[in-house]
Amino acid sequence: MSGNNSTESPTVAARLFSALSLDGKQANETRQVSGGTLELLLPELVNTLVSTALETKRASEQIALGQEPGDNKGNDGDHSDGGGQQLATSGWTELPEDNELMEQVYVKLEMVGFRVGRRLAERFSPLSRRLTDTLDVVKFVCKDVWMMLFNRQIDNLKTNHRGIYVLQDNKFKWFLRMSGNSGGAAAARRAQPYIWLPCGIIRGVLDSFGISTVVIAETLGLPQCTFQIKVVSSE
Amino acid sequence: MSAKQYKTVGEEAWKNNVEKVNAELFIFTYGSLVVQLVKDYEDYTAVNKQLDKMGYNIGVRLIDDVLARTGLEKCADFHSTAEVISKVGFKVFLNITPSVQNWSSDGKEFSLIIDDNPLNDFCELPPRAVQDGLWYSNVFCGVIRGALEMMQMQTEVYFVRDVLHGADVSEIRVKLVKVLDEEVPANDE
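For clarity, every value in this text was computed on a predicted model and none was experimentally measured.

Definitions and limits used
- Residues numbered from 1 in each chain as written.
- Chains lettered and ligands numbered in written order.
- Predicted model: local features only at pLDDT ≥ 70, side-chain atom pairs only at ≥ 80, totals over all residues.
- Heavy atoms only, no water.
- Helix = DSSP H or I, 4+ residues; strand = E, 2+ residues; numbered from the N terminus.
- Buried < 20%, exposed > 50% of the residue type's maximum accessible area, 1.4 Å probe, protein only.
- Contact = heavy atoms within 4.5 Å.
- Areas by Shrake-Rupley, 256 points an atom, 1.4 Å probe, with all protein chains shown as cover.
- Rg over C-alpha atoms; globule rule 2.2 N^0.38 Å.
- Lys, Arg positive; Asp, Glu negative; His and termini not counted.
- Charge placed at Lys NZ, Arg CZ, Asp CG, Glu CD.
- Salt bridge = Lys/Arg side-chain N within 4 Å of Asp/Glu carboxyl O.
- Pairing = 2+ DSSP bridges.
- Axes fitted to C-alpha atoms, helices over the stretch in contact; angles between N-to-C directions.
- Buried area = accessible area lost by both parts, 1.4 Å probe.
- Polar contact = N/O pair within 3.5 Å; in protein donor to acceptor, adjacent residues only side chain to side chain.
- Nonpolar A, V, L, I, M, F, W, Y, C, P; charged D, E, K, R; others polar.
- Core = buried A, V, L, I, M, F, W, Y, C linked by side-chain atoms within 4.5 Å.
- Disulfide = S-S within 2.5 Å.
- Expected span 1.5 Å × (residues − 1).
- Bend = angle between axes of the 7 residues up to and from the residue.

Give me the lowdown on the overall build of chain A, citing residues and values where you can.
The helix and strand inventory of chain A stands at 8 helices and 6 strands. Counting helices and strands in the order they occur from the N terminus, chain A gives β-α-β-α-α-α-α-α-β-β-α-α-β-β. Across the 235 residues in chain A, those meeting the buried criterion constitute 45%. Excluding contacts between residues fewer than 6 apart, the proportion of contacts in chain A whose partners are at least 24 apart in sequence is 66%. Total accessible area on chain A is roughly 11500 Å²; 50% of this is exposed by carbon and sulfur atoms.

Below you can see the structure in the form of structure tokens.
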């Protein structure tokens, strides 16, 4: 029973920019940076959160063993420096195999995205005030938010009209440069953290409209990516 | 090359060789990351250190990109280096051009004065963070240090003052410690 809303022309995006120019102090300066700047930051962001999660885990293990946290400071240093070295050459590091650890990384990255989503929605509130029901907000994500984030719209939006929305991006921008030679499964695994961030962003945008959701993402093969939004009813 | 010529190189690269995007996503993502680090470390000094380290890793990767986009070659002296950082590096990535000031008499130290830091947009630090010395944009220091190290320059780079701490401009100090040996080790291919 899935309706199929193919995305329309970016008229809402055009309105978004006109709304921006009316936005008081920032009126005549829609600030721009190089797209490459964020692409440089992202792998480091993931890396940094992996290393903080690792430190937290080590510290709690040491407490469990009755040691003072930070006993192996020397080792910690070596390890994170090693990560840095690896990154220097490739940009994309291999992720730890530890699932429990990656769960922590997921929580952190998703929260980073969540805050970004909240702030994006606030920032562009002149437009967003007109949105009334959930489908409108999801469309706002598919068109305007995606345009803002990735310079393109979501390719396909499906809904069961009962609180589940499936967004498909056939060329997810952050995956385009990730074609490793390590093959499908390994590449998909390495790519995973880069979809946790937009999961958080989507959840953050919806949350600022008072819609609580769970957002999960999967990829069936890079650079394709599917986001599933599930509305959590508050009643 | 003169400062003016570097300015032209930077502006041309920004105009023709750079995909320009709205700054908000970058600004908010960075801000959200800092918040996360503050939560994780609960210690502003540790956050400064982490941001610097992150910047370093970015810097060592970024330098090739800068050279590729601009066709620039290795700088002849530290004065040119300063001009390239300000008028090409900052310009190409952030579309700002900090001014180069306060040269030391031996020509090994200068300051970058930033009055329009995009990362500061929408940002206000809690008093506690200011008091405990969080350098919110400390990632810049790491980037400069990392990039210069790839050009065989070992440097110390640190914030002296910051608009977010109430200063009228932000100032980053860059100090050349030594020029590293350029020779590639025999066992490195």
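Once the structure has been displayed, the description carries forward.
I'd like to hear about the overall build of chain B, residue by residue, with values.
The number of helices and strands found in chain B is 6 helices and 5 strands. Its helices and strands taken in sequence order, chain B reads α-β-α-α-α-β-β-α-α-β-β from the N to the C terminus. Its C-alpha radius of gyration of 17 Å places chain B within 12% of the 16 Å reference for a compact globule of 189 residues. Along the longest, intermediate and shortest principal axes, the C-alpha atoms of chain B span 45 × 40 × 35 Å. By residue count, 56% of the 189 residues in chain B fall in the buried class. Of the contacts made within chain B by residues no fewer than 6 positions apart, 63% connect residues no fewer than 24 positions apart. Seen as two clouds, the 19 positive and the 30 negative side-chain charges of chain B have centres 2 Å apart.

I'd like a rundown of the pattern of salt bridges, residues and numbers included.
Inspection of every chain in the model, using the stated rule, returns 21 salt bridges over all chains. Close ionic contact of Glu110(A) with Arg203(A) constitutes a salt bridge, the shortest N to O distance being 2.7 Å. One end of the pair, Glu110(A), is in helix H4 (residues 99–123); the other, Arg203(A), is in helix H8 (residues 193–207), and 93 residues separate them in sequence. Given the relative accessible area of 7%, Glu110(A) is considered buried. Taking the shortest distance from any N to any O, the salt bridge between Arg173(B) and Glu109(B) comes out at 3.2 Å. Remark: Glu109(B) occurs in strand E3 (residues 109–114) and Arg173(B) occurs in strand E5 (residues 170–179); sequence separation between them is 64 residues. The pair formed by Arg173(B) and Glu109(B) is uniform in burial state, with each residue classed as buried. Here the residues in one salt-bridge network are Arg31(A), Asp116(B) and Asp121(B), joined through shared partners.

Talk me through the side chain of Ser137(B); I want residue IDs and the actual numbers.
All names here are of chain B. Along the polypeptide, Ser137 turns up in the loop between helix H5 (127–131) and helix H6 (139–150). Ser137 gets classed as buried once you look at its relative accessible area, which sits at 1%. Residues contacting Ser137, with those up to four places away along its chain left out, are Tyr30, Asn117, Leu119, Asn120 and Phe159.

An account of the sheet that holds E5(B) is needed here, citing residue identities and associated values.
Residues and elements named next belong to chain B. Spatially, the 4 strands line up as an open sheet ordered E2-E3-E5-E4, and their pairing is antiparallel. Taken across any chain shown, the strands that pair with only one partner, and hence form the sheet edges, are strand E2 (99–101) and strand E4 (153–161). Adjacent strand axes in the sheet meet at a mean angle of 30 degrees, parallel and antiparallel pairs treated alike. Sheet topology note: the E4/E5 ladder contains 8 bridges and is antiparallel. Residue pairing for E5: Met153 is matched across the bridge by Val179. Packed on one face of the sheet, helix H4 (residues 78–94) meets E2, E3, E4 and E5 and runs near 20 degrees to E3. The sheet strands contacting H6 are E3, E4 and E5, and the helix crosses E4 at an angle near 165 degrees.

Before we move on, can you summarise the interface of chain B and chain A with the specific residues and values?
How large an interface is tends to be reported as the accessible area lost when its parts come together. Counting residues at the interface gives 39 residues for chain B, matched by 41 residues for chain A. Carbon and sulfur atoms make up 60% of the surface buried where chain B meets chain A, a total of about 3900 Å² over both sides. Our count for the chain B to chain A interface comes out at 5 salt bridges. Two residues, Asp116(B) and Arg31(A), come together in a salt bridge whose shortest N-O distance is 2.8 Å. Inspection of the region where chain B meets chain A yields 18 residue pairs in polar contact (both at pLDDT 80 or more). Every element with two or more residues in the side of chain B that touches chain A is listed here: strand E1 (20–22), helix H2 (24–41), helix H3 (44–70) and H4 of chain B. When residues in the side of chain B that touches chain A are grouped by element, the largest group, 14 residues, is from H2(B). Class assignment of the residues belonging to the side of chain B that touches chain A gives a composition of 22 nonpolar, 8 polar and 9 charged.

Could you give an account of the pairing of E5(B), with specific residues and numbers?
Looking along a regular strand, one sees the side chains alternate between the two faces of the sheet. Bridge count for E3(B) against E5(B) is 6 bridges, and the pairing is antiparallel. Paired with Ile113(B) across the two strands is Glu171(B), which belongs to E5(B).

Which residues make up the nonpolar core, and what values do they have?
Formed by 114 residues in total, the largest nonpolar core has its most connected members in Leu167(A) and Ile172(B). When sequence neighbours within four positions are dropped, the list of residues in contact with Ile172(B) reads Phe110(B), Ser111(B), Leu112(B), Ile114(B), Phe140(B), Cys141(B), Ile144(B), Val157(B), Tyr158(B) and Phe159(B).

Talk me through the environment of Ile144(B); I want residue IDs and the actual numbers.
For Ile144(B), the position within the fold is in helix H6. In contact with Ile144(B), other than residues within four places in its own chain, are Ile85(B), Phe90(B), Leu112(B), Val157(B), Ile172(B) and Val174(B).

Account for the state of the cysteines, with residues named and values stated.
All names here are of chain A. Under the definition given, this model contains 0 disulfides over all chains. Counting only cysteine sulfurs, Cys225 is the nearest neighbor of Cys142, a cysteine outside any disulfide, at a range of 13 Å. With a relative accessible area of 1%, Cys142 lands in the buried category.

Tell me about H3(B), residues and numbers included.
Along an α-helix, a turn takes 3.6 residues, which lines up residues three or four apart on a common side. Residue and element names in this part refer to chain B. Helix length check: H3, at 27 residues, gives a terminal C-alpha distance of 36 Å against a target of 39 Å (1.5 Å per residue), a fit within 8%. The sharpest bend along H3 reaches about 35 degrees and sits at Arg61. A positive phi of about 70 degrees marks Gly71, the residue just after H3.

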